[in-house]
Structures are given as C-alpha cells and as structure tokens.
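Analysis of the macromolecular model
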Amino acid sequence: MNDDQERNTINCFRNRLRRLINVGPVLDMLQFLSDDQKELIRAKTRTEGDISAADLLLHEVITKEHSEGWFRELITALETAGCRHAANYMENNPPSPSKEFENDNCIKLIDLLKLSLVDMKTRDVCNSCYQRSLLTDEDRENIFAVNDQQGNKAGARLLLSRLVKKELGWYSEFLEALKETGHGMLARELQGEPLKGSGSERAASPTPGTGPGSGPAASSMPEGGTGWKSSNAATSAHSWFQDSEGATEAVTDGSRGLATGSGRAASLTDSEIVLHDYQMEVALPALEGKNIIICLPTGSGKTRVAVYITKQHLESRRRMGQPGKVVVLVNKVPLVEQHYKAEFGKFLKHQYSVERVSGDSQLKISFPQVIEKNDIIICTAQILENSLAKAKNGDEDGIKLSQFTLMVIDECHHTQKGGVYNHIMIRYLKQKHRNIGLLKEQKTPVPLPQILGLTASPGVGGAKNQQKAEEHILRICANLDAYTIKTKSLREELMAPYKCIASAPERKEDPFGDVIKGIMDEIHSHAELSPLCQPGTQNYEQWVVQKEQNAAKEDNPRVRVCAEHLRQYNEALHQSNTIRMSDAFSFLNKYYNEELKKKSSPDEDDVIQITDTERFLFRLFKDNKEHLQELTKNPQYENNTLATLKTKILQEFTSRTIARGIIFTKTRHSAIALSQWIRENPKFESVGVRASHLIGGGDQSVVKPMTSAEQKDVLNKFHEGEINVLIATTVAEEGLDIAQCNFVIRYCLVTNEIAMIQARGRGRAEDSSYTVVEEAGSGVAERESVNEYRETMMSKAIARVCTLCQEEYEKKTKEYQMQAIMEERVKVKKKQQKVMKKEDPSKVKFSCRSCNKPVCSGEDIEIIENMHHVNVTTAFRELFTVRENTSLQERFLDYEANGVIACKQCGQQWGSMMLYKSIECPCLHIKHFVVTYGSKKKDFRKWNELAIRFPSFSYLHCCMLLHDLFI
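This is a predicted model, so every value here is computed, not measured.

Here's the deal with the overall build of the protein
A count of helical and extended segments in the protein gives 36 helices and 26 strands. Of the accessible surface of the protein, which amounts to about 43500 Å², a share of 48% is contributed by carbon and sulfur atoms.

Structural notes on the packing of aromatic side chains
Counted by the stated rule, this structure contains 19 aromatic pairs. Between Trp-70 and Phe-71, the ring centres sit 5.7 Å apart and the planes meet at 85°, which makes this aromatic pair edge-to-face. Owing to a relative accessible area of 2%, Trp-70 belongs among the buried residues under this scheme. The interplanar angle of 80° and the centroid separation of 6.3 Å between the aromatic rings of Tyr-916 and Tyr-955 together place this pair among those described as edge-to-face. With Tyr-916 in strand S23 (residues 909-916) and Tyr-955 in helix H36 (residues 955-966), the pair connects residues that are 39 residues apart, well separated along the chain. In textbook terms, an aromatic cluster arises when at least three aromatic residues are bridged by ring pairs, as seen for Phe-846, Phe-876, Phe-880, Trp-910, Phe-929, Trp-943 and Phe-950. Directly above the aromatic system of Tyr-955 lies the positively charged group of Lys-917, at a separation of 5.9 Å from the ring centroid. Sitting above the plane of the Tyr-933 ring, Lys-938 keeps its charged end 5.3 Å from the centroid.

Quick notes on the nonpolar core
When a protein is soluble and globular, its nonpolar side chains tend to lie buried together. Ranked by internal contacts, the top residues of the largest apolar core, which has 45 residues, are Leu-329, Phe-367, Leu-384, Met-407 and Ile-409. The greatest single-element share of this core, amounting to 6 residues, is contributed by helix H22 (residues 466-479). Judged by nonpolar contacts, the second largest core, of 42 residues, contains Phe-684, Ala-691, Leu-715 and Val-780.

Considerations on empty space enclosed by the protein
A full pass over the atoms with the stated rule returns 3 cavities of 30 Å³ or more. The space that makes up the second largest cavity amounts to roughly 60 Å³. Together, Glu-571, His-574, Gln-575, Thr-578, Thr-665, Lys-666, Thr-667, Ser-670, Tyr-747 and Cys-748 line the second largest cavity. Of the residues forming the lining of the second largest cavity, the biggest block, 3 residues, is contributed by helix H25 (residues 557-576). For the lining of the second largest cavity, the per-class residue count stands at 2 nonpolar, 6 polar and 2 charged.

So, unusual backbone geometry
Outside of glycine, negative phi angles account for most residues, and trans bonds account for most peptide bonds. Even without a glycine there, the phi angle at Asn-92 is positive, about 60°. With respect to the element layout, Asn-92 can be found in the loop between helix H7 (84-90) and helix H8 (97-112). For Asn-92, a relative accessible area of 46% corresponds to the partly exposed category. Here the phi dihedral of Asp-481 falls at roughly 50°; this positive angle occurs in a residue that is not glycine. Residue position: Asp-481 is located in the loop between H22 and strand S9 (484-487).

A look at the sheet that holds strand S16 (residues 844-848)
The strand order across the open sheet formed by 4 strands is S17-S16-S25-S26, and the pairing between neighbours is antiparallel. Both outer strands of the open sheet, strand S17 (854-857) and strand S26 (936-938), are each paired with one neighbouring strand and no more. Averaged over all adjacent pairs, the angle separating strand axes in this sheet is 30°, with direction ignored. Across 5 bridges, S16 lies against strand S25 (residues 929-933) in antiparallel orientation. Across the sheet, Phe-846 pairs through a bridge with Val-931, a residue of S25.

Comments concerning the environment of Cys-562
Considering the arrangement of structural elements, one finds Cys-562 in helix H25. Since its relative accessible area comes to 0%, Cys-562 is described here as buried. Linking Cys-562 and Ala-551, residues 11 residues apart in sequence, is a C-alpha distance of 9.9 Å. The contacts of Cys-562, once residues within four sequence positions are left out, are Ile-523, His-526, Ala-527, Thr-613 and Leu-617.

Focus: helix H26 (residues 581-598)
Note on helix geometry: an α-helix contains 3.6 residues per turn, so any two residues three or four positions apart are oriented the same way. Its 18 residues give H26 an end-to-end C-alpha distance of 26 Å, which sits within 8% of 26 Å, the value for a rise of 1.5 Å per residue. Buried within H26 are the following residues: Met-581, Asp-583, Ala-584, Phe-585, Phe-587, Leu-588, Asn-589, Tyr-591, Tyr-592 and Glu-595. Where the residues of H26 are buried, they touch helix H23 (511-527), H25, helix H27 (612-631) and helix H29 (668-680).

Things to note about the side chain of Arg-507
Mapped onto the elements of the fold, Arg-507 is located in the loop between strand S10 (498-504) and H23. Of note is the side chain of Arg-507, whose polar atom sits 2.9 Å from the backbone oxygen of Ser-576. Beyond its immediate chain neighbours, meaning those up to four positions away, Arg-507 contacts Ser-576, Asn-577, Met-581, Tyr-637, Glu-638, Asn-639, Asn-640 and Glu-775.

Describing the pattern of salt bridges
Two side chains of opposite charge can pair, provided their charged atoms sit close to one another. Summed over the entire model, instances satisfying the criterion amount to 44 salt bridges. Measuring nitrogen to oxygen at the nearest pair gives 3.9 Å for the salt bridge that ties Lys-153 to Asp-119. Placement of the pair is Lys-153 in helix H12 (residues 152-163) and Asp-119 in the loop between helix H9 (114-117) and helix H10 (122-131), with a sequence separation of 34 residues. Residue class for Lys-153 comes out partly exposed when judged on its relative accessible area of 44%.

Points about the pairing of strand S6 (residues 376-380)
Side chains on a regular strand alternate between the two faces of the sheet. For S6, the buried fraction is high: 5 of the 5 residues fall into the buried class. Taking every second residue as pointing to the same face, both faces of S6 are buried, with Ile-376, Ile-378 and Thr-380 on one and Ile-377 and Cys-379 on the other. With 5 bridges joining them, strand S4 (residues 326-330) and S6 adopt parallel strand pairing. Bridge assignment links Val-327 to a residue of S6, and that residue is Ile-377.

Rules of the game
- Residues numbered from 1 in each chain as written.
- Predicted model: local features only at pLDDT ≥ 70, side-chain atom pairs only at ≥ 80, totals over all residues.
- Heavy atoms only, no water.
- Helix = DSSP H or I, 4+ residues; strand = E, 2+ residues; numbered from the N terminus.
- Areas by Shrake-Rupley, 256 points an atom, 1.4 Å probe, with all protein chains shown as cover.
- Phe/Tyr/Trp six-rings, centres within 6.5 Å; stacked < 30°, edge-to-face > 60°.
- Buried < 20%, exposed > 50% of the residue type's maximum accessible area, 1.4 Å probe, protein only.
- Lys NZ or Arg CZ within 6 Å of the ring centre and 35° of its normal.
- Core = buried A, V, L, I, M, F, W, Y, C linked by side-chain atoms within 4.5 Å.
- 1 Å grid on protein atoms, 1.4 Å probe; cavity = no way out; pocket = protein on both sides within 12 Å on 5 of 7 lines; lining within 4 Å.
- Points joined across faces, edges and corners; volume = space filled by probe spheres on them.
- Nonpolar A, V, L, I, M, F, W, Y, C, P; charged D, E, K, R; others polar.
- Pairing = 2+ DSSP bridges.
- Axes fitted to C-alpha atoms, helices over the stretch in contact; angles between N-to-C directions.
- Contact = heavy atoms within 4.5 Å.
- Expected span 1.5 Å × (residues − 1).
- Polar contact = N/O pair within 3.5 Å; in protein donor to acceptor, adjacent residues only side chain to side chain.
- Salt bridge = Lys/Arg side-chain N within 4 Å of Asp/Glu carboxyl O.

By themselves these figures say nothing about function.
Here it is in structure tokens:
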C-alpha cells in the first residue's frame, strides 16, 4: 500500500481501532511523532481515557506528514504492545464479518458477567493469561500494580479491559485460564451452562458454540427463549454502556448482573436500581451526606445516579427516624415531566410520594401544600425561587430551604451570576455563614439541605488560559458549596462519536443575494445611512438594531422604519446562505404581507396612515418581487452548504442499516425550513428519511413556538422510529431525553464548548458520527477548534481541581463564596436604592414607537400579578385596534392572551389583549413604545428597566368602570 492507501485504511477502520489500541506502550515506541504530540496524547489519556487518546493518536497519524517508514513503525509498535488485533485492521486484514460478530458477542458476555468476574483471583488469572501470551510484560506489571494499590476488583477490571482488545482466540484461552485457576463455575457460566441453585435459565447466557478463532467457548445466540436475539447481540462491545437516562435501561439481575433480551431481568421490579461501578464510584461521597457535583458525560446515567442517591438518602433518614424531603430542580419545563416519568417517579413512586410542579402544571393546591404532602418534588427552579422570595417577605404562601433535606440541581453548570440556580444557592450560602455565627453563640443552626449537582459540561466560562478555567470550575464548586467534584473518564465505555468538518466551497454566483443587497443599498440611500459592515452578517444586524433604537428616541420615523426593513432583508440574506432561496423569499413575502395588513384597519371608519417612506419600501419590494421569485427556481444558484448537508444525510442513511440523527441549526425558521426541504425532496424519501422539527417554547421569536405537548409528541415519534431525523434548535442540546442517535450534524452553527459537548453527546449509539457543516471561510470550523481547545482546558481544570489538597480547595471555595455573598449584598443594596428612588408614574409619558403619537401617561398603567402592565382607561381604548395574534395563543389559569393591540394611526403593535378573570385588559409591551422620562426620550426592552412604581391592578375598580360604560 502507498501512503494514501495506508491512511485511508486507518480512517476506514478508525471506529474499531480506537477501541483496540493500548495507547501508553504504543506511544513509547513511536519515533515519527514529536514529543509535543506525544505529550498531548498522554494528557488525553489521563483526562479522558484510552479511547479518546487513541482517537487523537489516529487523528495525528492520518492528518499529519511523517518521516518515511512511519506505517511499518506503527505496525511494529502495535504488535510489540500486544495490539496484534489492531495491527491486522491497519494492514487491511480484518476478520470476517461472522468472526467479528462472534468476537463482539464474547466481549458483551464479559461485561454482562463483570459483577461476578471482578471477584476472581486476579493475580492467579493474570499469570495464567500471561503464560498463554494473552498479556504482555507491561500488561502484567500494570495489572499487578493496580491490584496492589486499588484492590482485587480494580485489578480484575483492568485485566478484562486488556483482554477484550486482544487478537481473535483470546476468549477460549481466557476460559482455560479461569478453569486452571479454580474458577470453573465462572467458566461454565460464560459458556452458558446452568448453575446449581440458580434456576434453569440464565437470562442472557448463550448456548455453547464456536468461539472466534478457536475453542468451543463463544456463543451462537438462540433465537427464542430468554436468551438474546441476534439483533440485540449484534451490538458491538461498547454499546453495553447505554444511557440510563434514555431509552435503554441500565438495570441488571440482582445477583449476577445479567440483562434479559428485553433489557430487564424478569425478577426485577421498577423500584430496583443497580449502578455501574463508575456510577457508584462518583456517588459515594453523596451517600456519605456530602455536597458534591457529579460531572459525567451525556449518556452516562447521571440522573439514574441521582435517583439512587435520593432513594438511599430517604431510606437513611427513615432508619434514623428523621423526616426526609427531596427537591429536584430543573431549568426547563419539559424536564419536569421527563424526570418524573423516566426516572424519579418510575423508580421511587412505589415507596415514596413523588410530585412534579411547573408552569404547565394544573395543580389544585398551592406549592407549599405540594411540599408538605410529598417526599420528592420535581420542579422548575423559578417556582422554588418565587416561593423562597415569598417566605422572605413574610408571605404565608412561601417556603424555606430548611424544609428540604436534599436538593438535586440538574444542569448545575448554570449556577452562575444572574441565573435562578445561583439565586437559590446564594440564599443557601448566606444561611450557611449565618449558621457559623449561631454555632459560635451556642445557638441551634438552621438546617440546610444536602446539595447534589449534576452536569455533563461545566465549561470554562470564556476562559482564555488554564488558570482562568480552573477558577471557573472552583467558582461553580463554591456556588454549589460542593465538598468535591466527582468525575470519571468514560471514553472506554461510552463511545465518543467520530468527528469531522464538512466544508462547502464558497458560492461562485449569488444573483439572489445580489438583488437583496441592491435593495438594501437603495434603502441606505433613501435613509442616508452608511453601514460600516457587510450585509448578511451578525455585525450588520447589531448596527441596524442600534440605528433603529436611536431613530425611535430621536423621533426620526424615516430612519426607524428603514432600519426595521433592513433588518428583515439582512435576515433573508442570512437565510439564503443557509437554507433555500425560496425559504428566504417566503420569509420576505410573508413579512410584507403582514406589514400591509397592519395598514388596513378592521374598523372601516378608521384610516391607518402610510408614510412616504413606507410607500417607498412597499414599492421597492413589489418592484423586485417577481425577479426574486424567478431566481428561486434556479437550483444552480442555491448555496453549497445545503448541497453538502444533503450529501451528508444521504451518506448516513445509505451506509447504515438503521440511521437516526439530529441536525442542529441556529434559528426556529431555519429548523422549520430544513424540515420542509427534506420532506419535499424525493431523494430523501427514497432512502427512508422521515424528518420533523423541534423548536423552543418561548415567544421571543416571530416564529410560532412549540407547546410542551407538541414537543413531547415529536420526541415520542422520534423514540418510536416514526421520525428518524430531528431538525432542532439548541432546545435539544441539553437535558431533554432524546432517543439514541448514530449521527449528529451541526449545520452552520457553533456556540460555546458546553453546547458542543451537549450536542455531540446526543450521538450515543455505536459508531456514531458528529459532523459540523460549514461554508469555507465562514469561520465555523475555526470556532469549533476553539471549543475543542476549551474542552481540553475544562478537562484539565477539573482534573487539577480534583487533585487539590482539601485544605487549599476549601480555602479557595470559601473565598469565592464570600465574594458571591458580598456581590449579592451590593446588588440588593443598589436595587433597594433604585426602588427608593422610583419616580411617580405621572413623570413618564408613552408614545408610539412608529408614528410617535402620544399614547398615555404612567398614571394610566397598573400591574397584574407583578408582571403584566395594563391600561384599562376608556381614553386608551380609543387609540388602538385589536388584530388576531397569528404567532401565539396562550392559556393560563387566570388569564389568556389571544389578540394583538395595534396603533390605529400607523398599525404599530403595542402589546396584547389579555382576558383576565373575564375582563379584557390591554397589556402593553414597553419595547413598542418610546418613553419620555422628564425631558429625555428613552428606549427600554423590559419593564423592570424603568424605575417607576406602578400601582397594582384594581379588579373591583375596573369592573365598576366597565359597568358604567355599558349602562
């Protein structure tokens, strides 16, 4: 083979090879790699394990130039290090598919019986395997060292991990070694023979067959009974460690750890929880009552560990005759139901009362009553924070942290400044430090709950060097008052997906974009604007938003309305670079149709004014509309990234027996458009692609959000296989229980290292892939590399924090805690001063953002439920019309928001018509107004930015006012 063929062969078998290479000894013998490259790979081994390090080694081998003879040197190193099996693959001499299949089944058997095998006499078995040439000298030395330092079970695990990487034939030799060392029962169990006292069947024990290579030990799986079916057995060795948060149950037989064909031993009930060794290891400090953060990769069963800790916590409290109460906090509404159904409710409702509370809940009792009546409460963090705030203000409807004995915080990396998790933990830290004072005064301290934080990726918080990354990790530990952060490298158990960057060539011709840019230039001239950056970019978006805000404050309607339209064209330009031209055109066409509707009043007596600038803008689009529409019919002008995405999807579906994946994209609009593009393309249908979109539930976007029920319906269809491709916004990156995928694509989208890790973690299936699709020169690949660097920094930072002596760790975290408390005190003081300085409502005036028409005074505004600002005066009702809200229909317990209220004069949206306890209340959104504060005009995005004390809504007064109107 020549150089290219050798690299191609390695790349072809890469997913296999990274599981078969024993990196340490191989690396010692390679001379063609530089010392820096070797050190980087060794660091990967220390922080993430052999598989991740092997992947990096293969990457360096494939992508870099090396001295002559590098391939033979690599093969020799593999053979010397006992990796003959890997060397066979590299020399393009893989085993037959049937032998490979049998070998995978043998590895699966080893894992299924691991709970029994780790009790073997490790030294004796190791010596026997060494004499049979299954282990190298270095293998034996390492196993003995681990056995002496960490115990027999740890040594046994290392022995097993080395054996499964060996050349075919290892399995039968291992059986002989077991028999020779007095472990005949284990050998018979591995051969599928029923054991005395264990019943007539073994759930997952196969019948004797012919092992790979030689010997009678390996299994041919029966098609019926309680054994595996071949489709289950076909999963490769490292699909054993499935996501215990997701589709596959990490539940095993109580005595031996054998799974049935259905994934559950028949004798188990839903309340039994069995953890893998790595899960139990990270749980241990929490089982001792310590506050900890568990940092495990996506798909490793963090939530299952939390369920186990919760159960042990409540049982321990019960044994001691003490009450126990657990609150599980999540940061997204759908996670409340998910954690209840898939985890806490499923495993614990048989013994304990479990309830869930969120904004979607329709409970008939108050939150404090829910707390009182249940042992485990799953809720959104904001609900708990609201109730804690009520208790501080003396409200009877409030609760205190002292009512809980354990608090589980999901996705705890959000416990940072400004986050609701942090608000809760600041209350905790303040009380903790008050307790120190109480103890000094020999008074009884206020009890506080144990804290359990869960995360897959704490990130580095924008750190640019290792020191700052470590500070970020320590701050999160301090914020959660964690005794330690427990992590475990699972790269050898949880297969990291194969990653690649798919770069599309830049467009040679873009007539559609040229027409849009021409329109934008005409608008620039009309408004006398001179942009400092290229249209279609994020910088342009920021520039035009600033221009619109300034024009609104300066009462310059010409520039304001031009800036608003330029924003839409900029969005269309961005869309034409990522989705179809027809989608971009539809977006513009819909926008102008809706703008024209705004200029027509439902009431024939009212005439909405159209300014000369608006006429110019409407005419400009109309003049170019036909040309733009014509260009959308020419596929040769479509962007190349879409073609690259198409190729990648087709490749995934034609190269796999069963394909299931997620495509992440930036906006809701692009998610919907890509889903439609796939459904309309017959090539996708021909290979079995069934797509749907999954977007968020907030109403910040002009695109109609998905309700929780709609999200749940899509996810259920994805679980069941009715849908096999999800096109999702970042809502699907974190937390949501999404069925196992074997490919993940990030389409023209790069954010931070946390999002990268979360998205990549969705590829949990065997041989999964993670692809970033970008246009060459867009900077996406470069930003992805930065995220990879930050991920490495994060792993090193966690490792270094874990190695700090406890005294130094506690000193640093205490400093950060005191800093957080002091910052909170300053913040509260400033807020109190701001409240004291709040002006009388009569000092502010509101005018229409579009036409600058005076609308009302602050005296006319009242607040419903401390958040909805309404104006129910008769004078105000004369100034607006009510239109249908096409993008959102909300329904809550006491009110619903259906219609949109808009200026009678110009059609500018002002807010929504809210039905509150059967009364129509016009609800104002401050972003649609210019606020005159004294002599200055100001622009606000949120009501809490305005330092005015508005009175509470008087329901009785409003009823009387309306009664007078209709008499």
